[in-house]
Amino acid sequence: MTPNGGLKDPSALLRTDPAIARAYRRSAVMPTDVVVSIGPSFGKVMVVPKDLQGANLTQGTARVAPAHGVHPRFLYWALQSTQARQHWEISVGGATFKALNLEPLSMTPIPVAPTDEQRRIADFLDAETRLIDTVRAGRQRMIELLALKRDRLVDELVSGGQDASAFVPLKYLVSSVSVGIVITPAAWYVEAGGVPALRGLNVKQGRIDASDLVQISHEGHLLHRKSRLAAGDLVVVRTGQAGAAAVVPAELDGVNCIDLVIVRPGTALIPKFAEYLLNSSYAKRRVSEFSVGSIQAHFNVAAMKEMPVPRYPVAEQKRRVSAIEEAVQPIEKAISQMREQDQLLAERRQALITAAVTGQIDVTTARGLD
Amino acid sequence: MSTDHQKLANFIWSVADLLRGDYKQSEYGRVILPLTVLRRLDWVLEPTKDAVLARYEQLKAAGVQNMDPVLRKTAGLTFYNTSQLNFRNLLADQDHVATNLRSYIGGFSPGAVDVLDKYGFDAQITRLDEAGLLYQVVSKFVEIDLRPDVVSNHQMGYLFEELVRKFSEISNETAGEHFTPREVIKLMVNLLLAPDERDLVTPGIVRKIYDPACGTGGMLSEAQDHIEKHNAHATIEVYGQELNGETYAICRSDMMMKGGDPNKIAYGNSFSQDGHDGERFDYMLANPPFGVEWKKVEKFIKDEAARGHAGRFGAGLPRINDGSFLFLQHMISKMKRPEDGGSRLAIVFNGSPLFTGAAGSGESEIRRWILENDMLEGIVALPDQLFYNTGISTYFWILTNRKAPERRKKVVLLDGRDYWVKMRKSLGDKRKMLNADHIASLTKAYVDALAIAEGPAHEQHGKVKDFRTTDFGYQRITVERPLRLRFEITEETLALLAEAKPLLRYADSEALLSTAKTLTGTAASTRSEFAMKLAALGKLPAPAEKAVWDAFSISDPEGEIQTDRKGNPLPDADLRDNENVPLNEDIHDYLKREVLPHVPDAWIDEPKTKIGFEIPFTRHFYVYEPPRPLSEIDTEIKDLEAKIQHLLGEVTK
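Residues numbered from 1 in each chain as written. Chains lettered and ligands numbered in written order. Predicted model: local features only at pLDDT ≥ 70, side-chain atom pairs only at ≥ 80, totals over all residues. Heavy atoms only, no water.

As annotated in an unreviewed UniProt entry, chain B is site-specific DNA-methyltransferase (adenine-specific) from Actinoplanes lobatus. Word for word, the UniProt comment on chain B under Catalytic activity (unreviewed entry) is "a 2'-deoxyadenosine in DNA + S-adenosyl-L-methionine = an N(6)-methyl-2'-deoxyadenosine in DNA + S-adenosyl-L-homocysteine + H(+)". (UniProt positions renumbered as here; feature names shortened; annotations may be inferred.)

Here it is in structure tokens:
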């Protein structure tokens, strides 16, 4: 089931044989039934489409057959009202994982309305939510486009105007390229009182998420002098999201690191420019081209050292960094505002459903009915 | 292929209903498979049973020790049974079925008993007996008509494979461990045999096929079928070896039921107990386990490797945690000499053997040996998620010592990663499969590889590349840069001196440190100048003097170049770098062109140069997808925004 009451992939439905189907006739569904997911991701609702007549359900779903005089689509919307949802939230059980049981589902409060009125409400909500959902999908696409545009701008600004044949292996522009603790880093882990160490999962594209740092013992830290980080170093992910790079901020000066490529920029390269460069789609392409590993992508120090990069004077790098920031900031701001707007649209959708099914708005006068 | 064997297999499998409750589903095969084997063997032996028994009594009376050859001959088969009982009458005494069954099994010839032994069937007899099921289960099998004139050897093979497949699929824990998907085998056999198609139709040919990790024998059967389909008059002898007892038993009984010689399937580790020592084969194929440690046979293999090319592992040894290359070397050792017709082989590998191991390592040396001897014909990359027990990417390596003239000194890489369809229902890790079209098209692409690689218009052009064998080689050079130092006595360098190990063993270290402390602030840009300033420390023993110099020397890109006694610059270990230079390029030219423009003072430490070989498969097929142009993105953003604005107007009207 999809969150919007549809069927995800009809071809992915499992099939049973006729004998099993006969044995479970009680849970076979009819085209006017409503199906509700009651497993850990409970709350998804759909009206059974015609071509699924007689289909069966697995244990994570429940069949709600509307009584005479109850319109299935009205029931579909009523089950998504805030009252219904809150009733479920307070009634969920399950020792190991949350799940909705049939009993509280059957006790869900449903507003009473004449059949004609139910139909009007359902029609109204069908039309209104479709509109909202279309806007939200459009916004989602817009966010993707803006992110793409952002990446393209960065690409052009880091390497634009330079002939790739004039690129220089990274190793000649930096003071060193090395690697964090690779051999059994877990042997040095301590619960507390140690030295923090960055791992791959802490490094995102252009930022470091220091919320979940491991700690290694002082002994381990002393032994791994070479992988101590200094503010201004770049750390690059080797395994998993291979290639994501971030500058080490001042507050992480002196921490250690595990299985990351460490690029120490030296005097020829400024860290922020290097960060944009290493996160650019040009660099990503190099990383995926040179990533090896039979199970997951894995990028090594040698490949990083050899990566050809453009060579600019420091002043030019600074100019480019500010140009990038100037170009990127409004895009990032727009993206974050669109996300806020999306929240509002979601809220509006929920409020509209609740108001309509409980009769708080008169759908005959509201728009949506032609 | 008829479906009769499937119906029969379903019927046989239905006997397992009796086991429900006493056996787990995943254990059904342990009862069903050996009983099917027993039933079939009994039917096969029936026509000559009386003659065998009579002959046996006769030989026994005459005191003959080695009755085996005569009895085989009497039975007209590679096995026989000398028990007075047969499958039907061992049930006559309901209370002693277990005893009778054991006595009946004991009457089989050694090769056949061995199979039942490896199944661990004796334990199942006890278990069935204790559960009160033995009589019922055996009775069911008595009813099953597997007479050779009703079910041919060929059909019996299919039937048994069907049962094995059911068993494998039902027991998720073992599914696929020794089971290569059928369609993968088909492709592999095609690639192995396709170039020889014309040769294989010659009437009366004899070909030997071998799989050193044969599992249940699926690859061997498929290869045999393939040739026999082309040529009904071919004699195909299949040889295999398998480490896992139960799997071995399945494979061997499959051979017995198809009328093959079960003795050609050996039990044990192919490395340490080679079951076919000295034998050579026309075709070989294997899907050895990936990344399996060879520690258990380490001594054996190292001893053999020490004998150089007199043994199988003369080219080198892979790392201890991956025996893949050992299988390949083992197979290469069993190739027929080219003058005797030569051999072809195909093996399934994961990605590691392509590139694991730096220049000079065992893996690199093995690749080098294979390529320098022009044995690698091609590598085919397969889609991931194709095997039951792993979702990783896999590759066929195809080797031969009789390359077609146009393929000599060449290697074909075929990228088959996009040839798959999604399975309706996944089986273990297997979510993708090859269909008949994929198999046909990959086979054709492999056969026509050179033409496709040369023809840019061919639709598969992007999937096929050919290389010279030397293209995979490189010279790994060590690039050194001079050690540049300045010299300083500071608090920091004094602390380093105090921590230095040689000083801990030096009796007068206290005095040395306090004298040195008085010199704090002393600095020099050259060694000779600093030496003079250090005279105040007096004459020191060599280790202490070295410690002093080590502590007070500071690496400095602007510092004095340090030299040895002959005046040659000393290398700086921290600045040491490596470069991979193509095999056919002069390393000095390379240095001049690629390195010196950036670091003019660099030089090559030539004795450290090593030759390496690697096959960066995915890199050769990497296709750059250029990002969309900004203007296109912008247009789409604007259009979309206008639409959203309109809709938002509707929403909040």
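A. Up close: the overall build of chain B. In terms of helices and strands, chain B carries 26 helices and 19 strands. Here the C-alpha atoms of chain B give a radius of gyration of 35 Å, more than 25% beyond the 26 Å that 2.2 N^0.38 yields for 653 residues. By principal-axis analysis of the C-alpha atoms, chain B measures approximately 110 × 85 × 65 Å. With 653 residues in all, chain B has 49% of them scored as buried. In chain B, the proportion of contacts linking residues at least 24 apart, taken out of those at least 6 apart, comes to 76%. (Helix = DSSP H or I, 4+ residues; strand = E, 2+ residues; numbered from the N terminus. Rg over C-alpha atoms; globule rule 2.2 N^0.38 Å. Buried < 20%, exposed > 50% of the residue type's maximum accessible area, 1.4 Å probe, protein only. Contact = heavy atoms within 4.5 Å.)

B. The overall build of chain A, seen in detail. A count of helices and strands for chain A gives ten helices and 15 strands. Radius of gyration (C-alpha) of chain A: 28 Å, far over the 21 Å computed for a compact globule of 370 residues. Projecting the C-alpha coordinates of chain A onto the three principal axes gives extents of approximately 80 × 50 × 40 Å. Within the span of chain A, comprising 370 residues, buried residues form 43% of the whole. Carbon and sulfur atoms form 55% of the exposed surface of chain A, whose accessible area is close to 18900 Å². In chain A, which carries 43 positive and 37 negative side-chain charges, the distance between the mean positions of the two groups comes to 4 Å. (Areas by Shrake-Rupley, 256 points an atom, 1.4 Å probe, with all protein chains shown as cover. Lys, Arg positive; Asp, Glu negative; His and termini not counted. Charge placed at Lys NZ, Arg CZ, Asp CG, Glu CD.)

C. Representation of the environment of G39(A) in the model. On the secondary structure map, G39(A) appears in the loop between β1 (34–37) and β2 (45–47). With 60 residues separating them in the primary sequence, G39(A) and A99(A) have C-alpha atoms 4.9 Å apart.

D. Just helix α1 (residues 4–14) of chain B, in detail. Residues and elements named next belong to chain B. Here α1 has its buried residues at H5, A9, I12 and W13. Along the long axis of α1, the arc covered by the buried residues comes to 100°, so they all point the same way. In this structure, the buried residues of α1 make contact with α2 (28–61), α7 (134–143) and α8 (153–170). (Arc of directions from axis to C-beta.)

E. View of the interface of chain B and chain A. At the interface, 35 residues of chain B touch 40 residues of chain A. Carbon and sulfur atoms supply 62% of the area that chain B and chain A bury against each other, a total of about 3300 Å² over both sides. Run the count over chain B and chain A and you get six salt bridges. Linking chain B with chain A are eight residue pairs in polar contact (both at pLDDT 80 or more), by the criterion used here. Only α15 (352–355), β17 (577–582), α24 (587–595) and α26 (630–651) of chain B provide two or more residues apiece to the side of chain B that touches chain A. Considering each element in turn, the side of chain B that touches chain A owes the most residues, 13 residues, to α26(B). Class assignment of the residues belonging to the side of chain B that touches chain A gives a composition of 15 nonpolar, eight polar and twelve charged. (Buried area = accessible area lost by both parts, 1.4 Å probe. Salt bridge = Lys/Arg side-chain N within 4 Å of Asp/Glu carboxyl O. Polar contact = N/O pair within 3.5 Å; in protein donor to acceptor, adjacent residues only side chain to side chain. Nonpolar A, V, L, I, M, F, W, Y, C, P; charged D, E, K, R; others polar.)

F. Structural context of the sheet that holds strand β4 (residues 283–286) of chain B. Residue and element names in this part refer to chain B. With respect to topology, nine strands assemble into an open sheet ordered β3-β2-β1-β4-β5-β7-β6-β8-β11, the strand pairing being mixed. With partners counted over all chains shown, the strands left at the sheet margins are β3 (265–267) and β11 (464–468), one partner each. Across this sheet, the average inter-strand angle for adjacent strands is 15°, counted without regard to direction. The sheet contacts of helix α14 (residues 324–332) involve β1 (206–211), β4, β5 (344–350) and β7 (394–400), and relative to β5 the element is tilted by about 180°. (Pairing = 2+ DSSP bridges. Axes fitted to C-alpha atoms, helices over the stretch in contact; angles between N-to-C directions.)

G. Spatial organisation of the domain arrangement of chain B. By domain assignment, chain B separates into domain 1 (4–171), domain 2 (182–469) and domain 3 (484–561). The straight-line distance from the C-alpha centre of domain 2 of chain B to that of domain 3 of chain B is 62 Å. (Domains from an automatic or database assignment.)

H. Structural detail: the packing of α2(B) against helix α4 (residues 97–106) of chain B. Residues and elements named next belong to chain B. Contact geometry for α2 and α4: axes closest at 13 Å, N-to-C directions at 65°. Along this stretch, α2 crosses α4, giving a crossing that reads as left-handed. Of α4, the residues touching α2 (which contributes L38, D42 and K49) are L101, Y104 and I105. When the residues that make up the contact of α2 with α4 are grouped by side-chain class, the tally is four nonpolar, no polar and two charged. (Left-handed = near helix turned anticlockwise from the far one by under 90°.)

I. Up close: the packing of aromatic side chains. Under the criterion given, the structure shown has 21 aromatic pairs over all chains. The structure contains a cluster of three or more aromatic residues connected by ring pairs, namely F487(B), F530(B), W549(B) and F552(B). Sitting above the plane of the Y76(A) ring, R73(A) keeps its charged end 4.8 Å from the centroid. (Phe/Tyr/Trp six-rings, centres within 6.5 Å; stacked < 30°, edge-to-face > 60°. Lys NZ or Arg CZ within 6 Å of the ring centre and 35° of its normal.)

J. The arrangement of the UniProt feature "domain: N6 adenine-specific DNA methyltransferase N-terminal" (unreviewed entry) in chain B in detail. Mapped onto the present numbering, the UniProt feature "domain: N6 adenine-specific DNA methyltransferase N-terminal" (unreviewed entry) falls at residues 8–141 of chain B. In residues 8–141 of chain B, the share of helix is 65% and the share of strand is 0%. The end C-alpha atoms are 12 Å apart.

K. View of the packing of helix α5 (residues 115–159) of chain A against helix α10 (residues 314–357) of chain A. All names here are of chain A. Between α5 and α10, whose axes approach to 10 Å, the crossing angle comes to 170°. Between α5 and α10, the interaxial angle falls into the category roughly antiparallel. Residues of the contact of α5 with α10, tallied by class, amount to 27 nonpolar, three polar and 13 charged. (Parallel < 35°, antiparallel > 145°, perpendicular 65-115°, else oblique.)

L. Quick peek at the confidence of the model for chain B. On average, residues of chain B score 90 in pLDDT, and 98% of them are at 70 or above. Scoring the predicted complex yields pTM 0.79 and, for the interface, ipTM 0.70. (pLDDT = per-residue confidence, 0-100.)

M. The arrangement of helix α8 (residues 281–290) of chain A in detail. Along α8(A), the positions that sit buried rather than exposed are Y282(A), A283(A), R286(A), V287(A), E289(A) and F290(A). For α8(A), the buried positions fall inside an angular range of 165° around the axis, keeping them on one side. Packed against the buried residues of α8(A) are α5, α7 (271–278), α9 (301–306) and β15 (308–309) of chain A together with α25 (617–620) of chain B.

N. Structural context of the sheet that holds strand β7 (residues 195–198) of chain A. Overall, mixed pairing links the four strands, which are arranged β6-β10-β7-β13 (chain A) in an open sheet. In this open sheet, the two strands that pair with only one neighbour each are β6 (189–190) and β13 (256–257) of chain A.

O. Structural view of the nonpolar core. Residues and elements named next belong to chain B. Membership of the largest hydrophobic core comes to 57 residues, with the highest contact counts inside it found for L19, L38, L101, Y119, V137 and F141. Broken down by element, this core gets its largest block of residues, eleven residues, from α2. Composition of this core by domain shows at least three residues from each of domain 1 (4–171) and domain 2 (182–469). With residues near it in sequence (within four places) discarded, F141 still touches I12, V15, I32, L35, T36, R39 and F87. (Core = buried A, V, L, I, M, F, W, Y, C linked by side-chain atoms within 4.5 Å.)

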